[in-house]
Amino acid sequence: MNNPQIIFFIALGLAIAVFFWAVMKRRPSNSKRSQKTQTQRSPQPSGSGKITAKALLDEVIALQKRNAQWGDILKALNPTEDRQTLELLYALRGPHMFTPHTALGVIESGCRSVQPTASAVEALKVALESMNKVVRYGD
């Protein structure tokens, strides 16, 4: 190997190391989370084991205030890991992959369009129907 190749590989290795260091530093670890983050409320299931639209709305508003990204949104809005809820959230995420705040606005609108005692799934269905009307308007 000659000198330019050696220098290139050293620079490439350093660039990769810096990239991974930056990614790992950006990712919050569980031990470093503040007390406030650990005690934030998630939507609480009602007596039937389902999350209500009111609880979902409260969580959406909290997510909007902290400018949450999709990883946090999916965890916060589906704490019970319900398959139907996850499918609806993924459908809402599709056209808003890079603008999660827009999707949160759509979900907020869906929550406000149903009764507060309705299930989160009902609110997400209404949000998806509303979004599809807007998205398909140009078709």
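For the structure, check the block above.
All values derive from a computational prediction rather than experimental measurement. Just so you know, the residues in each chain are numbered from 1, in the order the chain's sequence is written. Local features in a predicted model are, by the rule used here, given only for residues with pLDDT of at least 70; side-chain atom pairs are given and counted only at 80 or more, and totals for whole chains, interfaces and linings are based on all residues. Derived side-chain values reflect all non-hydrogen atoms in the structure, with water molecules and hydrogen atoms excluded from consideration.

Draft legend 1. Local environment of helix 1 (residues 3-26). Spanning 24 residues, helix 1 covers 35 Å between terminal C-alpha atoms, matching the ideal 34 Å at 1.5 Å per step. Exposed residues in this analysis have more than 50% of their type's maximum accessible area, buried residues have under 20%, and partly exposed residues fall in between, with area computed by a 1.4 Å probe over protein chains only. The secondary structure listing takes helices from DSSP runs of H or I that are at least 4 residues long and strands from runs of E that are at least 2 residues long, numbered from the N terminus. Across the 24 residues of helix 1, zero count as buried, placing the element largely on the outside. To estimate how far a helix should extend, the number of its residues minus one is multiplied by 1.5 Å.

Draft legend 2. Looking closely at the packing of helix 4 (residues 70-77) against helix 5 (residues 83-93). Axis geometry follows a simple rule: fit a line to the C-alpha atoms, using only the stretch in contact for helices, then measure angles between N-to-C directions, giving values from 0 to 180 degrees. Following both chains from N to C, one finds helix 4 and helix 5 inclined at 150°, their axes separated by 10 Å at the closest point. In terms of axis orientation, helix 4 runs roughly antiparallel to helix 5. Handedness of the helix 4/helix 5 crossing: right-handed. Contacts between helix 4 and helix 5 involve Trp70, Leu74 and Leu77 on the former and, on the latter, Thr85, Leu89, Tyr90 and Arg93. Under the scheme applied, nonpolar residues are Ala, Val, Leu, Ile, Met, Phe, Trp, Tyr, Cys and Pro; charged residues are Asp, Glu, Lys and Arg; polar residues are all the others, including Gly. When its residues are assigned to classes, the contact of helix 4 with helix 5 shows five nonpolar, one polar and one charged. Each angle is binned into one of four classes, with values under 35 degrees roughly parallel, values over 145 roughly antiparallel, values of 65 to 115 roughly perpendicular, and all other values oblique. Handedness of a helix crossing follows the sense of rotation of the near helix relative to the far helix, less than a right angle counterclockwise being left-handed and clockwise being right-handed. Throughout, a residue-residue contact means that at least one pair of heavy atoms, one from each residue, lies within 4.5 Å.

Draft legend 3. Inspection of the packing of aromatic side chains at higher detail. What counts as a ring pair is set by centres within 6.5 Å for rings of Phe, Tyr and Trp (its six-membered ring), and what kind of pair is set by the plane angle: stacked under 30 degrees, edge-to-face over 60, tilted for all other angles. Across all of its chains, the model carries one aromatic pair by this definition. On the numbers, 5.5 Å between centres and 65° between planes, the contact of Phe8 with Phe9 is edge-to-face.

Draft legend 4. Just the packing of helix 3 (residues 53-65) against helix 6 (residues 100-113), in detail. Remark: helix 3 packs on helix 6, axes separated minimally by 9 Å, with the N-to-C direction vectors making an angle of 155°. In terms of axis orientation, helix 3 runs roughly antiparallel to helix 6. Note that helix 3 runs across helix 6; the crossing there is left-handed. For the pair helix 3 and helix 6, contact is made by Ala53, Leu56, Leu57, Val60, Ile61, Leu63 and Gln64 and by Leu104, Gly105, Ile107, Glu108, Cys111 and Arg112, respectively.

Draft legend 5. Summary view of the environment of Asn67. For Asn67, the location among the structural elements is in the loop between helix 3 and helix 4. Classification of Asn67 by relative accessible area gives exposed; the value is 53%. The sequence separation of Asn67 and Leu104 amounts to 37 residues, and the corresponding C-alpha distance is 9.8 Å.

Draft legend 6. Quick look at helix 6. Its 14 residues place the ends of helix 6 20 Å apart at the C-alpha level, agreeing with the 20 Å of an ideal helix rising 1.5 Å per residue. Considered for burial, the residues of helix 6 that qualify are Pro100, Ala103, Leu104, Val106, Ile107, Glu108, Gly110 and Cys111.

Draft legend 7. Main features of the nonpolar core. With 30 residues, the main nonpolar core has Leu56, Leu63, Ile73, Leu77, Leu92, Ile107 and Leu124 as its most contacted residues. Elements represented by at least two residues in this core include exactly helix 3, helix 4, helix 5, helix 6 and helix 7 (120-136). In terms of residue count, the dominant contributor to this core is helix 7 (seven residues). Apart from the residues lying within four places of it in its own chain, the contact partners of Ile73 are Leu63, Ala68, Pro100 and Leu104. Remark: nonpolar core denotes a set of buried residues (Ala, Val, Leu, Ile, Met, Phe, Trp, Tyr, Cys) joined through side-chain atoms within 4.5 Å.

Draft legend 8. Main features of the pattern of salt bridges. Take a side-chain nitrogen of Lys or Arg and a carboxyl oxygen of Asp or Glu: if they are within 4 Å of each other, that pair is a salt bridge. Evaluated as defined, the whole model comprises two salt bridges. Salt-bridge contacts for Arg112 lead to Glu108; the nearest nitrogen and oxygen are separated by 2.9 Å. A residue pair is termed a helical-turn pair when its members lie 3 or 4 positions apart in one helix, as Arg112 and Glu108 do in helix 6 at four residues. A residue is classified by how much of its surface remains accessible, and Arg112, at 53% relative accessible area, is exposed.

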